[in-house]
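Coordinate analysis (summary)
Each chain is listed here by its residues.
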Amino acid sequence: MAPRSIPIEPDAETARQWVVDELAKDAYDATGRSWLQRFLDWVASLFDGVGEATGNLGFAGVPGAVVAILLAVLLVALIVFIVWGPMRASRRRKASHAVFEDDVRDSKAMRSAAERAAARGDWTLAVIERFRGIVRDVEQAGWVAVFPGMTAYEFVTQAGERVPALTSELDWAGDLFDRIRYGHDAGSRAHYERMVALDSATASARVVGATA
C-alpha cells in the first residue's frame, strides 16, 4: 500500500487556507450537520493522519506524538483567532444598538432619570439611563465625538482607546446595554451599582492624548 501524503508541518498560510476553505462551505450539508460540526470532523481526520505520520518521527529529540500535539494547539489557536476575533467583532458591530435616538438631554438629566428608576426598583431602565449618562458625559467632556446613531459598540471601542485602563469595564457596559435593548437580559441592582462605579471612574479617568 502506498504511503499517504500528509503535510506534517503546514506553514501559516497553508493552515489559514485550510480554515478559510472549510468555512467557505455552505452552513449545512445534506445530512443537516452545521459547518462547525463538519469542520471539527475535518480537523479530527487531519490529526488522525498526522498522528500516524509522526508516530515514529522526532525533531531534535522530541517524540512524534508531541509534535502532533503542538500542531494541534497551533491549528486550534488559528481557528480561535479567525472565528472569535474579527468575525466576532464584526457580528457584534452589526448587532449593537444606537445609544441615542432623538434624546437631547444632558448627562445630569440622564443620571437623575437613572436614580429615579433605581429608587422604584426598575433596574433595567436605571441601567440604560446610567449608561446613556456616561456616554453623554464623555461627549460633553470632549474626549469621544458622539455622532447621531452611534452604537454602544462604537462608543465603547472609541472610549476604550482613550482610557485603556477602563477598556474591560466599558466593553462590559456596552455589551450589557445591547443585551438589555435587544431583550436578551434585564437590569439588576448589581448591574446598576457596577454601572454607577464605571460612571465615577470615567469622570476621573486620565484620558490618553488629553491636554492639561
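The shown structure was predicted, so the numbers you read here are calculated from the model rather than taken from an experiment.

1. Some thoughts on the overall build of the protein chain
Broken down by element type, the protein chain carries nine helices and two strands. Its helices and strands in sequence order give the protein chain the pattern α-α-β-β-α-α-α-α-α-α-α, from N to C terminus. With 212 residues in all, the protein chain has 35% of them scored as buried. For the protein chain, the share of sequence-separated contacts (at least 6 apart) that also reach a separation of at least 24 residues comes to 62%. Surface accessibility of the protein chain: about 12,500 Å² in total, with carbon and sulfur atoms responsible for 58%.

2. Overview of the packing of helix α6 (residues 123-141) against helix α9 (residues 189-203)
Closest axis-to-axis distance for the α6/α9 pair is 9 Å, and the angle between their directions is 10°. On the basis of their axis angle, the class for α6 and α9 is roughly parallel. The handedness of the crossing between α6 and α9 is left-handed. Of α9, the residues touching α6 (which contributes Trp-123, Ala-126, Val-127, Arg-130, Phe-131 and Ile-134) are Arg-189, His-191, Tyr-192, Met-195, Val-196, Leu-198, Asp-199 and Thr-202.

3. Section: the side chain of Ser-107
Relative to the helices and strands, Ser-107 resides in helix α5 (residues 107-119). Separated by 3.5 Å, the side chains of Ser-107 and Asp-137 make a polar contact. Only 3.2 Å separates the side chain of Ser-107 from the side chain of Gln-140, close enough to count as a polar contact. Beyond its immediate sequence surroundings of up to four residues, Ser-107 is in contact with Gly-133, Arg-136, Asp-137 and Gln-140.

4. A short note on the environment of Arg-179
Secondary-structure assignment places Arg-179 in helix α8 (residues 167-181). You can call Arg-179 partly exposed: its relative accessible area is 25%. The spatial distance from the C-alpha of Arg-179 to the C-alpha of Ser-96 is 8.9 Å, given a sequence separation of 83 residues.

5. Some thoughts on helix α7 (residues 152-162)
For α7, the complete set of buried residues consists of Ala-152, Tyr-153, Phe-155, Val-156, Ala-159 and Gly-160. Buried residues in α7, looked at end-on, bunch into an arc of 160°, giving them a common side.

6. Remarks on the environment of Ser-107
Exposure remark for Ser-107: the relative accessible area of 5% places this residue in the buried category. Separated by 32 residues in sequence, Ser-107 and Glu-139 have C-alpha atoms that sit 9.2 Å apart.

7. Things to note about the confidence of the model for the protein chain
Model confidence for the protein chain is summarised by a mean pLDDT of 74, while 53% of its residues fall at 70 or above. Predicted confidence is poor over residues 87-94, with pLDDT under 50, and the contacts of this stretch with residues over four places away or in other chains come to 11 contacts.

8. What about the nonpolar core?
Within the largest apolar cluster, 34 residues are counted, with the highest numbers of intra-cluster contacts made by Phe-131, Val-144, Phe-155 and Met-195. Elements represented by at least two residues in this core include exactly α5, α6, α7, α8 and α9. Take this core: its biggest share by element is eight residues, from α6. With near-sequence residues (within four places) excluded, Phe-155 lies in contact with Phe-131, Val-135, Val-138, Val-144, Met-150 and Leu-170.

9. Structural notes on the packing of α6 against α7
For the pair α6 and α7, interaxial distance at closest approach is 12 Å and the crossing angle is 50°. In this view, α6 runs oblique relative to α7, as classed from their interaxial angle. Relative to α7, the crossing made by α6 is left-handed. Contacts between α6 and α7 pair Phe-131, Val-135 and Val-138 from the former with Ala-152, Phe-155 and Val-156 from the latter. Considering only residue class, the contact of α6 with α7 consists of six nonpolar, no polar and no charged.

10. Here we look at the packing of aromatic side chains
Inspection of the entire model under this criterion finds three aromatic pairs. Considering the side-chain rings of Phe-131 and Phe-155, the 6.1 Å spacing of their centres and the 90° angle between planes classify their relative orientation as edge-to-face. Taken together, the residues span a long stretch of sequence, with Phe-131 in helix α6 and Phe-155 in helix α7 at a distance of 24 residues. Like Phe-131, the residue Phe-155 is buried in the burial classification. Aromatic rings pair up to connect Phe-131, Phe-155 and Phe-177 into one cluster. The side chain of Arg-194 reaches across the aromatic face of Trp-172, ending 4.0 Å from its centre.

Each value, and the rule that gives it
- Residues numbered from 1 in each chain as written.
- Predicted model: local features only at pLDDT ≥ 70, side-chain atom pairs only at ≥ 80, totals over all residues.
- Heavy atoms only, no water.
- Helix = DSSP H or I, 4+ residues; strand = E, 2+ residues; numbered from the N terminus.
- Buried < 20%, exposed > 50% of the residue type's maximum accessible area, 1.4 Å probe, protein only.
- Contact = heavy atoms within 4.5 Å.
- Areas by Shrake-Rupley, 256 points an atom, 1.4 Å probe, with all protein chains shown as cover.
- Axes fitted to C-alpha atoms, helices over the stretch in contact; angles between N-to-C directions.
- Parallel < 35°, antiparallel > 145°, perpendicular 65-115°, else oblique.
- Left-handed = near helix turned anticlockwise from the far one by under 90°.
- Polar contact = N/O pair within 3.5 Å; in protein donor to acceptor, adjacent residues only side chain to side chain.
- Arc of directions from axis to C-beta.
- pLDDT = per-residue confidence, 0-100.
- Core = buried A, V, L, I, M, F, W, Y, C linked by side-chain atoms within 4.5 Å.
- Nonpolar A, V, L, I, M, F, W, Y, C, P; charged D, E, K, R; others polar.
- Phe/Tyr/Trp six-rings, centres within 6.5 Å; stacked < 30°, edge-to-face > 60°.
- Lys NZ or Arg CZ within 6 Å of the ring centre and 35° of its normal.

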